[in-house]
Amino acid sequence: MVGGTLDYLRAGADTEQAVKLNLVALLEGLAEDAEAAGAKVSLHGTLPAPRIVSEATLEQALLNLFNNAADTDGGTVDIEAEWDSKRLRIEVRDRGPGFDEKALLQAGRTFFTTRAEGTGIGLFLAHAAVERLGGRIVLANREGGGAVTRVELPLDKLKADD
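Residues numbered from 1 in each chain as written. Predicted model: local features only at pLDDT ≥ 70, side-chain atom pairs only at ≥ 80, totals over all residues. Heavy atoms only, no water.

Student: Go over the nonpolar core, please, and point to the residues and values.
Tutor: Among the nonpolar cores identified, the biggest contains 36 residues, and Leu-23, Ile-79, Trp-83, Leu-88, Ile-90, Val-151 and Leu-153 are the most heavily contacted of them. Listing elements by their share of this core, those giving two or more residues are helix H2 (23-36), helix H3 (56-70), strand E4 (77-83), strand E5 (87-94), helix H5 (121-132), strand E6 (136-141) and strand E7 (147-154). The dominant element in this core, judged by the number of residues it contributes, is H2, at seven residues. Discounting residues that sit within four places of it in the chain, Leu-153 has contacts with Leu-58, Lys-86, Arg-87, Leu-88, Val-130, Leu-133, Gly-135 and Leu-158. (Core = buried A, V, L, I, M, F, W, Y, C linked by side-chain atoms within 4.5 Å. Buried < 20%, exposed > 50% of the residue type's maximum accessible area, 1.4 Å probe, protein only. Helix = DSSP H or I, 4+ residues; strand = E, 2+ residues; numbered from the N terminus. Contact = heavy atoms within 4.5 Å.)

Encoded structure:
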């Protein structure tokens, strides 16, 4: 199962239905659940926001990152998205324990986890999905405690041809 999922993410999903939507609609849809769980969400960018082609893998990657932050013991999760015509940056910040040195080096690799009940697959799949779209995920510790997970994506690979 994992092998098939990895092949799918590496090669692209010819059979997956891509959906054209407004960038803000995608982010607001994903943020709805996060806000319901108590997250603070802010979206900033030039308007009108670009129309993008979104696949389920991108949405699932972002959802995995939101859920990881919500699962920490820190209580508060802040999600900030900024974009312009060329790039999208999303930061998910929590007040949990943050990352130790080993986690910063190995997070995103298959089956690496710091949680007793975790599998390590969510962050790995998020990395793979974002990298497939030409982006990257950067992990860091937050000043004052907690973690920051930053997603950086070039919008030229996501822009919908209208």
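The structure having been displayed, the exposition proceeds.
Student: Could you give me a rundown of the side chain of Arg-89, with the residues and numbers involved?
Tutor: Its location among the elements puts Arg-89 in strand E5. At 3.2 Å, the side chain of Arg-89 forms a polar contact with the side chain of Glu-80. At 2.6 Å, the side chain of Arg-89 and the side chain of Glu-82 are in polar contact. Apart from residues no more than four positions distant in its own chain, Arg-89 is found in contact with Glu-80, Ala-81, Glu-82, Arg-150, Val-151 and Glu-152. (Polar contact = N/O pair within 3.5 Å; in protein donor to acceptor, adjacent residues only side chain to side chain.)

Student: Quick rundown of the pattern of salt bridges? Include the residues and the values.
Tutor: Across all of its chains, the model carries eight salt bridges by this definition. The shortest N-O distance in the salt bridge between Glu-80 and Arg-93 comes to 3.4 Å. Placement of Glu-80 in strand E4 and of Arg-93 in strand E5 is noted, with a sequence separation of 13 residues between them. Glu-91 is paired through a salt bridge with Arg-93; the nearest N and O atoms lie 2.7 Å apart. Accessibility classification places Glu-91 together with Arg-93 in one group, the buried group. Connected through shared salt-bridge partners, Glu-80, Glu-82, Arg-89, Glu-91, Arg-93 and Arg-150 make up one network. (Salt bridge = Lys/Arg side-chain N within 4 Å of Asp/Glu carboxyl O.)

Student: I'd like a description of the packing of H3 against H5, backed by residues and values.
Tutor: Two numbers describe how H3 lies on H5: the axes approach to 9 Å, and their chain directions differ by 140 degrees. As far as their axial angle goes, H5 and H3 are oblique. The interaxial crossing formed by H3 with H5 has left-handed handedness. Where H3 abuts H5, its residues Thr-57, Ala-61, Asn-64, Leu-65 and Asn-68 lie against Gly-122, Leu-123, Ala-126, Ala-129, Val-130 and Arg-132. (Axes fitted to C-alpha atoms, helices over the stretch in contact; angles between N-to-C directions. Parallel < 35°, antiparallel > 145°, perpendicular 65-115°, else oblique. Left-handed = near helix turned anticlockwise from the far one by under 90°.)

Student: Could you give an account of the environment of Lys-40, with specific residues and numbers?
Tutor: One can find Lys-40 in strand E2 (residues 40-45). The class of Lys-40 is exposed, set by a relative accessible area of 59%. Between the C-alpha atom of Lys-40 and that of Asp-78, which follows or precedes it by 38 residues, the distance is 4.8 Å. Filtering out sequence-adjacent residues up to four positions away, Lys-40 remains in contact with Val-77, Asp-78 and Ile-79.

Everything listed here is a matter of coordinates, which is why it stays silent on function.
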